[in-house]
Amino acid sequence: MSPEKMVHMANQIATFFKSQPGEDQAERVAGHLRDFWEPRMRDQLKAHVAKGGDGLDDLVIKAAQQV
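Residues numbered from 1 in each chain as written. Predicted model: local features only at pLDDT ≥ 70, side-chain atom pairs only at ≥ 80, totals over all residues. Heavy atoms only, no water.

Draft legend 1. The environment of Ala-10, seen in detail. Mapping Ala-10 onto the fold places it in helix α1 (residues 3–18). In this structure, the C-alpha to C-alpha distance between Ala-10 and Gln-20, residues 10 residues apart in sequence, is 16 Å. Filtering out sequence-adjacent residues up to four positions away, Ala-10 remains in contact with Trp-37, Leu-45, Leu-56 and Val-60. (Helix = DSSP H or I, 4+ residues; strand = E, 2+ residues; numbered from the N terminus. Contact = heavy atoms within 4.5 Å.)

As structure tokens, then:
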């Protein structure tokens, strides 16, 4: 998948969980990524974060460290 599409999708997930109550949004984003993203997508996300995470919401970056 293109990096731009991956960033867009991950940020959409973060936006959703930011609207939910609680203080565990990063954990819930990580859970969503584990449950619904295939391993190649998670690997791509982790590689993108390792290169600086350009364009990613901070919540996604925190979640990627838990995946």
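After that view of the structure, there is still more to cover.
Draft legend 2. The arrangement of the nonpolar core in detail. Counting residues in hydrophobic clusters, the biggest one holds 19 residues, and the most contacted among them are Val-29, Leu-33, Trp-37, Leu-45 and Leu-56. Within the residue set of this core, elements represented by two or more residues are α1, α2 (25–36), α3 (39–50) and α4 (58–64). Among the elements that line this core, the one with the most residues is α1, at six residues. Once residues lying within four places of it in the same chain are set aside, the contact partners of Leu-45 are Met-6, Ala-10, Leu-33, Trp-37, Leu-56, Val-60 and Ala-64. (Core = buried A, V, L, I, M, F, W, Y, C linked by side-chain atoms within 4.5 Å. Buried < 20%, exposed > 50% of the residue type's maximum accessible area, 1.4 Å probe, protein only.)

Draft legend 3. Quick peek at the environment of Trp-37. Checked against the element boundaries, Trp-37 lands in the loop between α2 and α3. With 27 residues separating them along the chain, Trp-37 and Ala-10 place their C-alpha atoms 10.0 Å apart. Leaving out residues up to four positions away in the same chain, Trp-37 has contacts with Met-6, Met-9, Ala-10, Ile-13, His-32, Arg-42 and Leu-45.

Draft legend 4. The arrangement of the pattern of salt bridges in detail. Applying the stated criterion across every chain, the model contains four salt bridges. The shortest N-O distance in the salt bridge between Asp-24 and Arg-28 comes to 3.4 Å. Overall, the relative accessible area of 33% leaves Asp-24 in the partly exposed class. Close ionic contact of Lys-46 with Asp-43 constitutes a salt bridge, the shortest N to O distance being 4.0 Å. Of the two residues, Lys-46 and Asp-43 are both situated in helix α3; the distance of three residues between them amounts to about one turn of the helix. Judged by relative accessible area, Asp-43 falls into the partly exposed class, the value being 46%. (Salt bridge = Lys/Arg side-chain N within 4 Å of Asp/Glu carboxyl O.)

Draft legend 5. Molecular detail of the packing of α1 against α2. Where α1 contacts α2, the axes come no closer than 9 Å and their chain directions differ by 135 degrees. On the basis of their axis angle, the class for α1 and α2 is oblique. For the crossing formed where α1 meets α2, the hand is right-handed. Counting all contacts with α1, which are made through Ile-13, Ala-14, Phe-17 and Lys-18, the residues of α2 involved are Gln-25, Arg-28, Val-29, His-32 and Leu-33. Classifying every residue of the contact of α1 with α2 by side-chain character gives five nonpolar, two polar and two charged. (Axes fitted to C-alpha atoms, helices over the stretch in contact; angles between N-to-C directions. Parallel < 35°, antiparallel > 145°, perpendicular 65-115°, else oblique. Left-handed = near helix turned anticlockwise from the far one by under 90°. Nonpolar A, V, L, I, M, F, W, Y, C, P; charged D, E, K, R; others polar.)

Treat this as a map of the structure, not an account of what it does.
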